[in-house]
Amino acid sequence: MRVLLTGSAGFIGSAIRRALEAAGDEVVGVDLMLPQAHGAARAPEGTHHLDVREAGVWSRLLDGVDIVCHQAAMVGAGLSPADLPAYAGHNDLGTAALLAAMADRGVHQLVQASSMVVYGEGRYRCAKHGPAPAGVRPLEALDQGSFDHECTTCARPLSWDLVTEDARLEPRSSYAASKVAQEHYAAAWARQVGGRVISLRYHNVYGPHMPRDTPYSGVAALFRSALERGEAPRVFEDGEQARDFVHVTDVAEANLLAIGAVGDRPAGSVSAYNVGSGIPVTIREVACLVGRTHGGVAPDVTGDYRRGDVRHIVASPERAAAELGFHARITPQAGLREFATAPLRT
Ligand code: UD1
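Predicted model, so just to flag it, every value in this text is computed and none were measured. (Residues numbered from 1 in each chain as written. Predicted model: local features only at pLDDT ≥ 70, side-chain atom pairs only at ≥ 80, totals over all residues. Heavy atoms only, no water.)

1. Section: the overall build of the protein chain
Argument step 1. Each helix and strand in the protein chain was counted, giving 11 helices and 16 strands.
Argument step 2. The C-alpha radius of gyration computed for the protein chain amounts to 20 Å, which stays within 12% of the reference 20 Å derived for 346 residues, consistent with globular compactness.
Argument step 3. Looking at the 346 residues of the protein chain, the share that counts as buried comes to 51%.
Argument step 4. Across the protein chain, the centroid of the 33 positively charged side chains sits 1 Å from that of the 39 negatively charged ones. (Helix = DSSP H or I, 4+ residues; strand = E, 2+ residues; numbered from the N terminus. Rg over C-alpha atoms; globule rule 2.2 N^0.38 Å. Buried < 20%, exposed > 50% of the residue type's maximum accessible area, 1.4 Å probe, protein only. Lys, Arg positive; Asp, Glu negative; His and termini not counted. Charge placed at Lys NZ, Arg CZ, Asp CG, Glu CD.)

This is the structure in structure tokens:
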């Protein structure tokens, strides 16, 4: 198969590229080499240094392509309003331009990177009252070290439940809003051209060659960099916030499965799948796992918090298992321990 892969030089894109090439597929790689992710690095050999927003200009690269795997995006927390135009430009407009070019060239299959952030807060449950809504946590409560959502009926702390793909989309950041927009543009396009789309909602991705300590890095890379400097990992809140850490090679495998499956879907079909390891961990556990390989450095659980962080988000891996046959191979316990000494991208 001939696959046009956007973001092919990125942390996740380059893992997908390796997996596709190992499977004998031909890859047309496109990457803008955004400085936030790549610093001053040049595009690797075999990568077209191009902007997805200008896909109309370079759309001849789509000739003979069977499927597009769209990973290019501006990532990160997306909390500053000053960054809104950049998210809307790279992610919303970029996807729209790519879809228009695909329609023009008759390429009707798309697998794209989405994220768990589309759900906002995860799903919660009160031990007494069952499923419970969770709004935005009040700053006064966070200042007092009270991090859990509470039941609106009895004020008990809420525990988390697995989030399934039919949950309401409730983006809380510019990045999250742009990921929802990408899914919606792709759905509109699928209806317009009779296309087929699979969106993969990644959980917290980690692994070798993850970008080093930048404002755009996920927590695993931040912990890893702190340990390298001889400092304890700084854990926010009480460290009990739950996530799912999925290894980048498993994410690449999920993409290969989606690329293999999307062509068999009916015209106009639009599907989304959670992509995680299926094994929830707390952030304190993540710090301990990474710290263990650095002589057992204990985490510094600070009680600080970041405005805009969600408390727990853990997604159900069931649909991806049932419909794509995706089962992550690397547990966070094994993968994070290995990640502690894996090379990072500078
Ligand atoms: C992350 C990504 C988001 C992605 C989502 C799902 C970043 C910045 N965020 O969100 O883009 O879509 O996963 O894949 O890449 N924490 C600490 N110490 C630190 C930094 C963070 O304890 O130094 C805590 C945070 O308070 C939070 C947790 O670690 O509770 C996870 O933070 P982060 O890695 O930023 O991930 P998410 O917010 O889950």
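After that view of the structure, there is still more to cover.
2. With respect to unusual backbone geometry
Argument step 1. Unlike most non-glycine residues, His209 shows phi in positive territory, near 70 degrees.
Argument step 2. We note that Glu237 has phi near 55 degrees; this positive angle belongs to a residue other than glycine.

3. Some details on the site of the ligand
Argument step 1. Taken together, 21 residues surround the ligand, and among them Ser115, His203, Val219, Arg243 and Asp309 come closest.
Argument step 2. Between Gly76 and the ligand, the recorded distance is 3.5 Å, taken from a backbone N or O atom to an oxygen atom.
Argument step 3. Contact between the ligand and Val219: an oxygen atom at 2.7 Å from a main-chain N or O atom of the residue.
Argument step 4. Computed on the free molecule, the ligand has an accessible area of 740 Å², of which 88% lies beneath the protein chains in the complex.
Argument step 5. The set of elements that each furnish at least two residues to the shell around the ligand consists of helix 7 (219–228) and strand 11 (234–235).
Argument step 6. Here the element with the most residues in the shell around the ligand is helix 7; it accounts for three residues.
Argument step 7. Considering only residue class, the shell around the ligand consists of 10 nonpolar, seven polar and four charged. (Near = heavy atom within 4 Å. Polar contact = N/O pair within 3.5 Å; in protein donor to acceptor, adjacent residues only side chain to side chain. Areas by Shrake-Rupley, 256 points an atom, 1.4 Å probe, with all protein chains shown as cover. Nonpolar A, V, L, I, M, F, W, Y, C, P; charged D, E, K, R; others polar.)

4. Points about the pattern of salt bridges
Argument step 1. By the definition in use, this model includes 20 salt bridges.
Argument step 2. The closest approach of N and O atoms between Glu237 and Arg311, which form a salt bridge, is 2.9 Å. Separated by 74 residues along the polypeptide, Glu237 in the loop between strand 11 and strand 12 (242–243) and Arg311 in the loop between strand 16 (300–301) and helix 10 (318–324) bring together distant segments of the chain. You'll find Glu237 and Arg311 in the same group, each marked buried.
Argument step 3. Linked by salt bridges that have partners in common, Arg137, Asp148, Glu237, Asp238 and Arg311 make up one network. (Salt bridge = Lys/Arg side-chain N within 4 Å of Asp/Glu carboxyl O.)

5. Some thoughts on the pairing of strand 9 (residues 196–202)
Regular strands show a simple pattern: their side chains alternate between the two faces of the sheet.
Argument step 1. Of all the seven residues making up strand 9, six are buried; the element is thus mostly covered by neighbouring parts of the structure.
Argument step 2. Relative to strand 9, strand 5 (residues 109–115) runs parallel, the two sharing seven bridges. Its bridge partner lying in strand 9, Ala113 is registered against Leu200.
Argument step 3. Sheet analysis places strand 9 next to strand 14 (residues 270–275), joined by six bridges and oriented parallel. (Pairing = 2+ DSSP bridges.)

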